[in-house]
Amino acid sequence: MKTTEILLLLLCLNVVCFSALPSAPATCPADLGSECSGSGSDEWEGEFFPGIPKIKYEGPSSKNHLAFKWYNSEEVILGKKMKDWLRFSVAFWHTFRGSGADPFGAPTKFWPWEDGTNSLAMAKRRMRANFEFLEKLGVEWWCFHDKDISPDGKTLEENNANLDEVVALAKELQGSKIRLLWGTAQLFSHPRYMHGAATSSEVGVYAYAAAQVKKAMEVTHYLGGENYVFWGGREGYQTLLNTDMERELNHLARFLEAAVAYKKKIGFNGTLLIEPKPQEPTKHQYDWDAATSANFLRKYGLTGEFKLNIECNHATLSGHSCHHELETARINGLLGNIDANTGDPQIGWDTDQFLTDIGEATLVMLSVVRNGGLAPGGFNFDAKLRRESIDVEDLFIAHISGMDTLARGLRNVAKLIEDGSLSELVHKRYESFDTEIGALIEAGKADFELLEKKALEWGEPEVASGKQELAEMIFQSAL
Ligand code: XUL
Ligand code: CO
């Protein structure tokens, strides 16, 4: 039996496994980590995606599944090119390391360019595949986790050397056309991070995490990255009985402070982003939602140094809509980037699916337009193919569909703005405040004595209809 088959079998003994393994070609999925080793060449004969053309815009009537129906990159909508509103990015981890494994099943995806190893040569070949994918899809941005683009060595020094080698190739492949939206350090899968990284009870782990983030920030800067992301991973608790929450939050704040200082030291001008998520894998994460994260930044004096990366699936896990989270971030001046994905209404975990709901996409774009765009942030497709989608072309179809959905959302926002009746309805709803007394309230100049005087003078107030169904009707007519 080959090493990879033994590894897959072991994986299946640990979890309930339903797949027929022996027929699967040898491969080494991302989550098997450095157990897979091997040597080979990073070269690859011909194209990684033969038969897939450069994806073009063909318009809404096209039946070609390898064409855009709504996303027309150069078309100007609301004063900006679509590509500048949308700034799409491919997430390396899902698209190139996603194996299709889930808590009950082994990997299902075996891409032709994978040789079954987690070697440096394989990492470089995979990077070449990434850039061909971006070029054919017409996406100008990409995002990575350090651990997904390069294999670990035996020591921190070896890890860093491997990362340098892969990043040097990525820099060459980026050329002048492709840019890095953001980089991040993956501080959650290695066993050392079982208690968290910056919130670990072990000072050695805190230091190791700092060293890993330091390096990830350096390579993000080297690649011209526009942002750097912190996602908690295991920052949080399973039970407060064994957790000193106050101490952990302080450690986290000190860690982020050190990241700000290091960013300045190396001259990295990118935005630092925090990505809220309520739980998973820990029961409670400290960056629960946008409001919690904003308050954390305020309490620890970090406002001004960080923005938020709002992920739609994380929003719904926290019990909010994506639109709510985007608006909360926006009105706090914190909307930096969007991890564009969606969950499944019946499955209560982070399924990271491509967003295909036109209504939701329209609400997302409403916030983005109100924000004047996202730059230097963008839309990172933190989304993966479903376990059952195993053809190479599915990678293209999924991204095309996600891009078209958001493009359609943008077009709908333009329709709503042009029509004007929704904003008129909202404006009308608050018009009782467009008065002398309303202006005093909004300026903070109406004290309780004055308001009591008015209440006595006016008597029982008249209350108008909220027009909720009318708002929904106007919204629906734009979709
Ligand atoms: C996890 C998640 C991550 C971050 C980057 O839920 O969203 O992929 O976006 O670490
Ligand atoms: Co994310």
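Everything below is about the structure printed above this text.
**A short note on helix H8 (residues 245-265)**
Here is step 1: With 21 residues, H8 should reach 30 Å at 1.5 Å per residue; the first-to-last C-alpha distance of 30 Å fits that figure.
Here is step 2: What H8 keeps buried is the set Glu248, Leu249, Leu252, Ala253, Phe255, Leu256, Ala259, Val260, Tyr262 and Lys263.
Here is step 3: Residues of H8 that are buried sit in contact with helix H7 (203-222), strand E8 (227-231), strand E9 (236-237), strand E10 (271-275), helix H9 (290-299) and strand E12 (306-311).
Here is step 4: Following H8 by one or two positions, Gly267 adopts a phi angle in the positive range, close to 75°.

**Section: the state of the cysteines**
By definition, a disulfide links the sulfur atoms of two cysteines through a covalent bond.
Here is step 1: Taken as a whole and judged by the stated rule, the model has 1 disulfide.
Here is step 2: With a sulfur-sulfur separation of 2.1 Å, Cys312 is cross-linked through a disulfide to Cys322. Here the disulfide of Cys312 and Cys322 is left-handed, its torsion about the S-S bond being about -60°. Of this pair, Cys312 sits in helix H10 (residues 312-317) while Cys322 sits in helix H11 (residues 322-331), placing them 10 residues apart in sequence.
Here is step 3: According to the relative accessible area criterion, Cys312 is buried, its value standing at 2%.
Here is step 4: Overall, Cys322 belongs to the buried group, its relative accessible area being 1%.
Here is step 5: Considering cysteine sulfurs only, Cys312 is the nearest to Cys143, which forms no disulfide, with 15 Å between them.
Here is step 6: A relative accessible area of 0% places Cys143 in the buried class.

**Examining the nonpolar core**
Here is step 1: With 104 residues, the main nonpolar core has Phe49, Leu86, Trp113, Leu137, Trp142, Phe379 and Leu406 as its most contacted residues.
Here is step 2: When residues in this core are grouped by element, the largest group, 11 residues, is from helix H13 (residues 392-419).
Here is step 3: Listed in part, the 8 residues of the second largest apolar core include Ala91, Trp93, Trp141 and Leu181.

**Some points on the coordination of the cobalt ion (ligand 2)**
Think of it this way: four donors in a tetrahedron around the metal ideally sit 109.5 degrees apart, and six in an octahedron ideally sit 90 or 180 degrees apart.
Here is step 1: At the metal site, the cobalt ion (ligand 2) is ligated by Glu275 (OE), Glu311 (OE), Asp339 (OD) and Asp382 (OD), and these contacts range over 2.0 to 2.1 Å.
Here is step 2: Every donor counted, the 6 donor atoms about the cobalt ion (ligand 2) form angles of 81 to 171° at the centre, which fits octahedral coordination.
Here is step 3: Mapping the donors of the cobalt ion (ligand 2) onto the primary sequence yields the spacing E-x35-E-x27-D-x42-D. Taken together, the residues span a long stretch of sequence, with Glu275 in strand E10 and Asp339 in strand E13 (residues 335-339) at a distance of 64 residues.

About the criteria used
- Residues numbered from 1 in each chain as written.
- Chains lettered and ligands numbered in written order.
- Predicted model: local features only at pLDDT ≥ 70, side-chain atom pairs only at ≥ 80, totals over all residues.
- Heavy atoms only, no water.
- Helix = DSSP H or I, 4+ residues; strand = E, 2+ residues; numbered from the N terminus.
- Expected span 1.5 Å × (residues − 1).
- Buried < 20%, exposed > 50% of the residue type's maximum accessible area, 1.4 Å probe, protein only.
- Contact = heavy atoms within 4.5 Å.
- Disulfide = S-S within 2.5 Å.
- Core = buried A, V, L, I, M, F, W, Y, C linked by side-chain atoms within 4.5 Å.
- Donors = N, O, S within 2.8 Å, 3.2 Å for Na, K, Ca; no water.
- Tetrahedral: all angles 85-135°; square planar, octahedral: opposite > 155°, others 65-115°.

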